[in-house]
Amino acid sequence: MTGNAVSCAQLRKSYGDVVAVADLTLSVQRGECFGLLGPNGAGKTTTIEILEGLLRPDAGEVEVLGLRWADDGPELRQRLGIQLQETQLADKLTVEETLRLFRSFYTRGRTIEELLKIVELESKRTSRVGRLSGGQKQRLSLACALAGDPDLLFLDEPTTGLDPQSRRQLWMLLEQFRSRGGTILMTTHYMDEAEYLCDRVAVVDQGRIIAHGAPKELIARLGQPKVTTHHGTLEDVFMALTGRHLRDE
Amino acid sequence: MSDPNVDPPVVSGFSRTSLDPPVVSGFSRTSFDPPVVSGFSRTSFTGRPLVQLTLARMREFIREPEAVFWTFGFPIVVSLALALAFPSRADRPVAVGLYPGAATESLRSTLKGSHGITIRDVRPDDERRALREGEVNIVVVPTTPPTYRFDPAREESRLARAVVDDVLKRAAGRPEPWTAQEQPQEVAGSRYIDWFIPGLIGMGIMSNGMWGIGFGIVQARMRKLLKRMVASPMRRSEYLLAQLFARMVFLPVEVLLPLIFAVVAFGMPVNGSAVTITVVALIGALSFGAIGLLLASRARTIEAISGLMNLVMLPMWIVSGIFFSSANFPAAVQPFIHALPLTALIDALRAVILDGATLAGVRSELLVLTIWGVVPFFTSLKLFSWR
């Protein structure tokens, strides 16, 4: 298991009667971008938060960068970059102050200048976070995740709610992180995003992985789309697997 | 749900596929160079997490104009209002009500020339209202001998009765057995406003400590910022300590402003040393900050934290002697009142500011405050929800 950036086996987590994650096993290799796909309430966020050490599983094994949360929590935190769903950074602080704050938590990492340059927020350095656009906020949040120059990035729906330009820009940033040998584990609702960014994806539903593989393989396995108005996409695979009925939540 | 085209999910050992490297066009490539290791040293003072966390909290506070007003401006507005409502009592005359008309003419002329008496006309049908509102402290009815109508439960009323009785009897020819020598003394610090200012400072330390810390934390929790912070290598205890430290930074201003205002505007005497006052205020602020932390440990909404704060603060507003002395409460409850942090803080501030007490002189109050600081802080470390 040590060659993997992330591996977990038979993860299980329930909230009362609701089983959020049921016997979930997956591994992410070093240097790859792995996507967790699934409808709302499928258990993606619970899974990623267990892997991030923010939630304790009811059962199962987790190993991240060859370390375990119980034994090496502080060291592990130093080597991870995390972007959560729906975090709102403090509105009253400026971009630079926010970065300086997050940078102070890491023993090694990038300078504020580098971070600003990477996410192209140099011109917004003295702006209050509350005045940034959605895309700028998301890039700042990514910069906070990159402050410790992490080996592994966890991203929970990084582009939800962004306009196409901002999404593309974020994709490019993640590409660059990968090209330097970084590993990414992300969740997303956007199939085009998964198709574009991920080497492998796992489709999660009701707390289980119901399919996994490279996006192209999954598309190939599905065969020709039944309505042949377009080429097969990962979205067709997703819909075929998880059904067409609307989900609550 | 299962699709025959898809393999069962055995994930380990999966070979990595060769995806074509995607080409992003239309964007300039930013530099994602290897990190420069120098430039920002964590070991420097400003690079320390505790310093950065404290700075962040301070900045959030000073960039909130409303919070700044309630902390610094409000105490001054209150002390000004109270000074206007309760001027120095020594030369305030008693108000005597007389019915208009010829019947009260002789009473009127007798009382009129006396020092310390103001006469107001009161119609018989309006008498009760005038007494209730404090418009007059006593009504003298022209019977023989005269009838006094007053409220013995009110101090001003009893005083008015004594003054009027004295004047009327002397005018009726009562002999004076002797005349005492009077030596009027202006005892500095004995006025209501002097007594009130330390209470006001104590009240400010309590409410600013609790609101400032409680609100900030609940807001961060609602925004999922707390969760984001603990996803980083930040130490949890440092986050909580920073909330307390950020409070300490503004404390001198918070204490000095009303104090200087009272000295300049009312000539209030300050007999204690600045260091002693600071230490007492500091210990008080830490203990209310810790109580604020405890209340905010689990609250998830602004409504919840407001309710908790009011629940804790309201009883102390009443019993701890901000506006009137806590000695007014029955002896049986005194031990409880003195075990409250606000009572301890205000008692200590009054002793230090007005009587010039030393730290040793207020050690029992400081002990009470320290206990109220240490126990809630460590309890909140245990209870605190970061999600």
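Since the model is a prediction, treat every value here as computed from it, not as a measurement.

Along its length, chain A carries nine helices and nine strands. Taken against the 2.2 N^0.38 rule, which gives 18 Å for 249 residues, the C-alpha radius of gyration of chain A at 18 Å falls within 12% of a compact globule. With the principal axes as the frame, chain A shows a C-alpha extent of 50 × 45 × 35 Å. Counting every position in chain A, which comprises 249 residues, the buried fraction comes to 61%. Within chain A, contacts between residues at least 6 apart in sequence are counted, and of these 66% link residues at least 24 apart. Of the roughly 9700 Å² that chain A leaves accessible, carbon and sulfur atoms contribute 46%. Between the centroid of the 31 positive side chains of chain A and the centroid of its 35 negative side chains there is a distance of 3 Å.

Our focus in this paragraph is the pairing of strand 5 (residues 80-83) of chain A. Residues and elements named next belong to chain A. Burial along strand 5 is two-sided: Leu80 and Ile82 facing one way and Gly81 and Gln83 facing the other are all buried. When strand 5 meets strand 6 (residues 152-156), the two strands line up parallel, connected through four bridges. Bridge assignment links glycine 81 to a residue of strand 6, and that residue is leucine 153.

Before going further, it helps to spend a moment on the sheet that holds strand 2 (residues 18-29) of chain A. Residues and elements named next belong to chain A. The sheet built from three strands is open, its strands ordered 2-1-4 with antiparallel pairing. Across the chains shown, the open sheet's two edge strands, defined by having one partner strand only, are strand 2 and strand 4 (59-64). Neighbour to neighbour, the strand axes of the sheet diverge by 15 degrees on average, direction disregarded. Across five bridges, strand 1 (residues 4-15) lies against strand 4 in antiparallel orientation. Residue serine 7 lies in a different strand from strand 4, and its bridge partner there is glutamate 63. Contacts from helix 1 (residues 44-51) reach strand 1, strand 2 and strand 4, with the element oriented near 125 degrees to strand 1.

This paragraph deals with helix 3 (residues 105-112) of chain B. All names here are of chain B. Of the residues making up helix 3, those classed as buried are Leu107, Arg108 and Leu111. Along helix 3, the residues classed as buried sweep out an arc of 100 degrees about the axis, all on the same side. Considering only its buried residues, helix 3 is in contact with strand 1 (94-98), strand 2 (117-121), strand 3 (138-141) and helix 5 (155-171).

Residue and element names in this part refer to chain A. In the contact formed by helix 8 (residues 215-222) and helix 9 (residues 234-242), the axes pass within 9 Å of each other and the chain directions differ by 60 degrees. When you trace helix 8 past helix 9, the crossing you get is left-handed. Along the contact surface, helix 8 presents Pro215, Leu218, Ile219 and Leu222, while helix 9 presents Leu234, Asp236, Val237 and Ala240. Here the residues of the contact of helix 8 with helix 9 are counted per class, giving seven nonpolar, no polar and one charged.

To continue, consider the sheet that holds strand 6 of chain A. Picture the strands of a sheet paired through backbone hydrogen bonds; they go either parallel or antiparallel. Residue and element names in this part refer to chain A. Spatial ordering of the open sheet is given by 5-6-7-3-8-9, a layout of six strands whose pairing is mixed. Every interior strand has two partners, whereas the edge strands, strand 5 and strand 9 (208-213), have only one. This sheet shows a mean twist of 15 degrees between the axes of neighbouring strands, independent of strand direction.

Here we come to the environment of A:Pro74. Counting through the fold element by element, A:Pro74 comes out in helix 2 (residues 69-79). The spacing of A:Pro74 and A:Gln165 is 91 residues in sequence and 36 Å in space, taken between C-alpha atoms.

Summed over all chains, the structure comprises 17 aromatic pairs over all chains. A ring pair is formed by B:Phe377 and B:Phe378, whose centres lie 5.4 Å apart and whose planes are at 90 degrees; its orientation type is edge-to-face. The exposure class assigned to B:Phe377 is buried, which follows from its relative accessible area of 10%. The ring of A:Tyr190 carries the charged tip of A:Arg167 above its face, separated from the ring centre by 4.1 Å. The ring centre of A:Tyr196 lies 6.0 Å from the NZ or CZ of A:Arg168, which sits over that ring.

This brings us to the pairing of strand 7 (residues 183-188) of chain A. Residue and element names in this part refer to chain A. Among the six residues of strand 7, six are classified as buried, and the element is accordingly described as predominantly covered. Taking every second residue as pointing to the same face, both faces of strand 7 are buried, with Thr183, Leu185 and Thr187 on one and Ile184, Met186 and Thr188 on the other. Across five bridges, the pairing between strand 3 (residues 33-37) and strand 7 is parallel. In the sheet register, leucine 37 faces strand 7, and the bridge partner there is threonine 188. Of the strand pairs in this sheet, strand 6 and strand 7 are connected by five bridges, and their pairing is parallel. The residue of strand 7 that forms the bridge with phenylalanine 154 is leucine 185. Remark: the strand 6/helix 6 (residues 164-179)/strand 7 crossover connection has right-handed handedness.

Turning to the packing of helix 2 (residues 65-85) of chain B against helix 8 (residues 236-266) of chain B, a few remarks are in order. All names here are of chain B. Where helix 2 meets helix 8, the closest approach of the two axes is 9 Å, and the angle between their N-to-C directions is 25 degrees. Here helix 2 lies roughly parallel to helix 8, going by the angle between them. Considering the relative orientation of helix 2 and helix 8, their crossing is right-handed. Contact residues: helix 2 offers Thr71, Phe72, Pro75, Ile76, Ser79, Leu80 and Ala83, while helix 8 offers Phe250, Val253, Glu254, Leu257, Pro258, Phe261 and Phe266. A class-by-class count of the residues in the contact of helix 2 with helix 8 yields 11 nonpolar, two polar and one charged.

Analysis parameters
- Counting from 1, residues in each chain are numbered in the order their sequence is written.
- Each chain is given a letter, starting from A, and each ligand a number, starting from 1, according to the order in which they appear as written.
- Local features in this predicted model are restricted to residues of pLDDT 70 or higher, and side-chain atom pairs are both shown and tallied only at a pLDDT of 80 or more, whereas totals for entire chains, interfaces and linings draw on every residue.
- To get the side-chain values, all heavy atoms of the structure are used, and hydrogens and water are removed first.
- Strands are runs of DSSP state E lasting at least two residues, helices are runs of H or I lasting at least four, and both sets are numbered from the N terminus onward.
- It is over C-alpha atoms that the radius of gyration is taken, and the globule rule equals 2.2 Å times the number of residues to the power 0.38.
- The buried label goes to any residue with under 20% of its type's maximum accessible area, the exposed label to any with over 50%, and the partly exposed label to all in between, with areas taken from a 1.4 Å probe on protein chains only.
- We call two residues in contact whenever any of their non-hydrogen atoms come within 4.5 Å of each other.
- Note on areas: these come from Shrake-Rupley sampling with a 1.4 Å probe, and a residue is covered only by the protein chains present in the view.
- Residues scored as charged are limited to Lys and Arg (positive) and Asp and Glu (negative), so that His and the chain ends carry no count.
- Here the site of a charge means NZ on Lys, CZ on Arg, CG on Asp, or CD on Glu.
- What makes two strands pair is DSSP finding at least two bridges between them.
- Working convention: axes come from line fits to C-alpha atoms, limited for helices to the stretch in contact. Angles between N-to-C directions cover 0 to 180 degrees.
- The directions from the helix axis to the C-beta atoms are what the arc is built from.
- When the near helix sits turned anticlockwise from the far one by under a right angle, the crossing is termed left-handed; a clockwise turn instead gives a right-handed crossing.
- Here the term charged refers only to Asp, Glu, Lys and Arg, the term nonpolar to Ala, Val, Leu, Ile, Met, Phe, Trp, Tyr, Cys and Pro, and the term polar to all other amino acids, Gly among them.
- Ring pairs are drawn from Phe, Tyr and Trp, using the six-membered ring of Trp, whenever the two centres fall within 6.5 Å, and their geometry is named by plane angle: stacked under 30 degrees, edge-to-face over 60, tilted for the rest.
- Lysine and arginine charges are scored as sitting over a ring when NZ or CZ, respectively, is within 6 Å of the ring centre and within 35 degrees of the ring normal.
- By the criterion used throughout, a crossover qualifies as right-handed when its path from the first strand across the helix to the second strand runs clockwise, the strands pointing away from the viewer.
- Comment on the angle field: the value is read as roughly parallel under 35 degrees, roughly antiparallel over 145, roughly perpendicular from 65 to 115, and oblique elsewhere.

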